[in-house]
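Each chain, written out:
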Amino acid sequence: MTDYTPTPADKFTFGLWTVGNVGRDPFGEPTRQPMSAPYIAQKLAALGAYGINLHDNDLVPIGASAAERDRLVSDFRAALSGHGLVVPMATTNLFSDPAFKDGAFTSADARVRAYALQKTMLSMDLGHELGATTYVFWGGREGTEVDASGKLLDALAWFRDSLNFLAEYSQSQGYGYRFALEPKPNEPRGDIFFPTAGSMLGFIPTLDQPDLFGVNPEFAHDTMAGLNFAHAVAQIIDAGKLFHIDLNDQKMGRFDQDLRFGAENIKTAFMLVKLLENSGYAGPKQFDAHALRTEDEAGVWAFARGCMRTYLILKEKARQFDEDSEIQAALQAYRVQDSELETLSRGFTPEKAQALKARSVDRAMLGARGPGLEQLDQLTIELLLGVR
Ligand code: GLT
Ligand code: MN
Ligand code: MN
């Protein structure tokens, strides 16, 4: 690889809402004009993207007539096929409309919960029509500011009932969706239910059909909470639940920034790319981020190009890391192997337990050993800074 230009084989995707973000924030009006979905498809294809994901209302405004819906969908489909793009993932906007101000599937109002189901089924129909096979649930409004509302346990049960219902709907329609649950700790709610990847991994086995459900982790969401995103993704991979991924960046402890991938935490971004590439993750890599509010349209495409380019540069760095003899020697020295002790320590038998209990251990020697992590980390930094 020489010029870090993406191709569809890299499987980079963007949400319609990402490059389509018009720069509104809680304090200011939009700074950019909206762009049509077919135009976005044309531009992303020219940059080498693989596909586009969407919420129902990114394409079809809420309350649109059936005729308007059909026109928008057919124009978008024509653009997708004309530019060789796919729609791997679809999702529902269950957060913008005031009806969802106190939750969708976890609203205390049964009428809102029923509307959320109705809206999601219609959105699943739309996603299927566009070819999506992954369906994301990000519960932006599923949370509370007032825990005196007393619904902490009910909310979990309502959410579970809804997901069970929708999984059966997908099957009854023959859609074959796999569902990816996206955690976030807060914003727009004071506290969002299921704040971390671990919350989702704990919840999934309580569903009727757990095999259909996985996780859609987002870099910024763990980072907001001061967590290490690469660690979260490793645990999701270990559980066999990495169904989709949202890449972006974020300063810890700030508002939800959705920065360009690699803009801020370059070392964690590197470790993440290395983890994804070495794990054999073959799904799409979605950039769920947006250009800074300061930018015009040219800045939007610079943002999109930058996300993909940085991923590919880090992928190349990961390859260099694996081939760097000094780094590999440091790694080898770090891992102390002892086949006799490893055999004793794995696969319990009463004899092994007895033998281990009888071993004398040189604690002082273990405590005195320097594992060489300073040197390993410096080599990594020098690789990332381009001097290796
Ligand atoms: C919204 C949110 C994202 C979610 C999207 C899917 S919408 O932009 O900030 O993290 O992934 O609903
Ligand atoms: Mn996201
Ligand atoms: Mn986000």
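Residues numbered from 1 in each chain as written. Chains lettered and ligands numbered in written order. Predicted model: local features only at pLDDT ≥ 70, side-chain atom pairs only at ≥ 80, totals over all residues. Heavy atoms only, no water.

- Going by an unreviewed UniProt entry, the protein carries the name Xylose isomerase and comes from Deinococcus ruber.
- Within the UniProt record for the protein, the comment given under Sequence similarities (unreviewed entry) is "Belongs to the xylose isomerase family."
- What UniProt states about the protein under its Subcellular location (unreviewed entry) heading is, verbatim, "Cytoplasm". (UniProt positions renumbered as here; feature names shortened; annotations may be inferred.)

## Side note on the coordination of the manganese ion (ligand 2)
- Every protein donor of the manganese ion (ligand 2) is listed here as Glu182 (OE), Glu218 (OE), Asp246 (OD) and Asp288 (OD), and their distances to the metal cover 1.9 to 2.2 Å.
- Each of the six donor atoms around the manganese ion (ligand 2) contributes to a set of angles spanning 75 to 166°, which defines the coordination as irregular.
- Sequence spacing among the residues donating to the manganese ion (ligand 2) works out to E-x35-E-x27-D-x41-D.
- Separating the manganese ion (ligand 2) and the manganese ion (ligand 3) is a distance of 4.5 Å, and Glu218 donates to both of them. One end of the pair, Glu182, is in strand 6 (residues 178-182); the other, Asp246, is in strand 9 (residues 246-247), and 64 residues separate them in sequence. A single burial state applies to Glu182 and to Asp246, both of which are buried. (Donors = N, O, S within 2.8 Å, 3.2 Å for Na, K, Ca; no water. Tetrahedral: all angles 85-135°; square planar, octahedral: opposite > 155°, others 65-115°. Helix = DSSP H or I, 4+ residues; strand = E, 2+ residues; numbered from the N terminus. Buried < 20%, exposed > 50% of the residue type's maximum accessible area, 1.4 Å probe, protein only.)

## What to know about the environment of Val73
- Within the fold, Val73 resides in helix 4 (residues 66-83).
- Each C-alpha atom, one on Val73 and one on Glu129, is 8.8 Å from the other, the two residues being 56 residues apart in sequence.
- Contacts of Val73, omitting those with residues within four sequence positions, involve Leu59, Val60, Leu126, Glu129 and Leu130. (Contact = heavy atoms within 4.5 Å.)

## Description of the pairing of strand 1 (residues 12-15)
- Along strand 1, one buried face is formed by Phe12 and Phe14 and the opposite face, lined by Thr13 and Gly15, is buried too.
- Sheet topology places strand 1 next to strand 10 (residues 285-287); three bridges connect them, and they run parallel. Looking at the pairing, Thr13 lines up with Gln286 of strand 10.
- Pairing of strand 1 with strand 2 (residues 51-55) involves three bridges; the strand directions are parallel. (Pairing = 2+ DSSP bridges.)

## Quick look at the packing of helix 9 (residues 229-238) against helix 10 (residues 266-279)
- Two elements in contact, helix 9 and helix 10, have axes separated by 9 Å at closest approach and are oriented at 15°. In terms of their interaxial angle, helix 9 and helix 10 are classed as roughly parallel. Between helix 9 and helix 10 lies a crossing whose hand is right-handed. Between helix 9 and helix 10, the residues in contact are Phe229, Ala230, Val233, Ala234 and Ile237 and Thr268, Met271, Leu272, Leu275, Leu276 and Ser279, respectively. (Axes fitted to C-alpha atoms, helices over the stretch in contact; angles between N-to-C directions. Parallel < 35°, antiparallel > 145°, perpendicular 65-115°, else oblique. Left-handed = near helix turned anticlockwise from the far one by under 90°.)

## Concerning the sheet that holds strand 2
- Read from one edge to the other, the open sheet built from eight strands follows the order 8-6-4-3-2-1-10-9, with strand pairing classed as parallel. In the strand order of this sheet, the two ends are held by strand 8 (213-215) and strand 9, each with one partner.
- With five bridges connecting them, strand 4 (residues 134-138) and strand 6 associate as parallel partners. The residue bridging Thr134 from the neighbouring strand is Arg178, located in strand 6.
- Helix-sheet contacts for helix 6 (residues 152-173) involve strand 4, strand 6 and strand 8, and the interaxial angle to strand 6 is about 150°.

## Things to note about the coordination of the manganese ion (ligand 3)
- Bound to the manganese ion (ligand 3) on the protein side are Glu218 (OE), His221 (NE2) and Asp258 (OD), at distances that span 2.1 to 2.7 Å.
- We note that the donor set of the manganese ion (ligand 3) lies within a single chain, spaced as E-x2-H-x36-D.
- A relative accessible area of 1% means that Glu218 is categorised as buried.

## Considerations on the side chain of Asn216
- Within the secondary structure layout, Asn216 lies in the loop between strand 8 and helix 8 (219-224).
- A polar side-chain atom of Asn216 sits 3.3 Å from a polar atom in the side chain of Asp246.
- Among residues more than four places away in sequence, those in contact with Asn216 are Val136, Ala180, Leu181, Glu182, Pro183, His244, Ile245 and Asp246. (Polar contact = N/O pair within 3.5 Å; in protein donor to acceptor, adjacent residues only side chain to side chain.)

## Some remarks on the UniProt feature "binding site: Mg(2+) 2" (unreviewed entry) in the protein
- Sequence positions flagged by UniProt for "binding site: Mg(2+) 2" (unreviewed entry) are, in local numbering, Glu218, His221, Asp256 and Asp258. A maximum C-alpha distance of 11.3 Å is found for the annotated residues, which run over 41 residues; spatially they form one tight group.
- Assignment of secondary structure puts Glu218 in the loop between strand 8 and helix 8.
- Setting aside chain neighbours within four positions, we find Glu218 in contact with Glu182, Phe229, Asp246, Asn248, Asp258 and Asp288.
- Position of Asp258 among the secondary structure elements: in the loop between strand 9 and helix 10.
- With sequence-adjacent residues up to four places away left out, Asp258 is seen in contact with Glu218, Ala220, Asn248, Asp249, Gln250, Asp288, Ala289 and His290.

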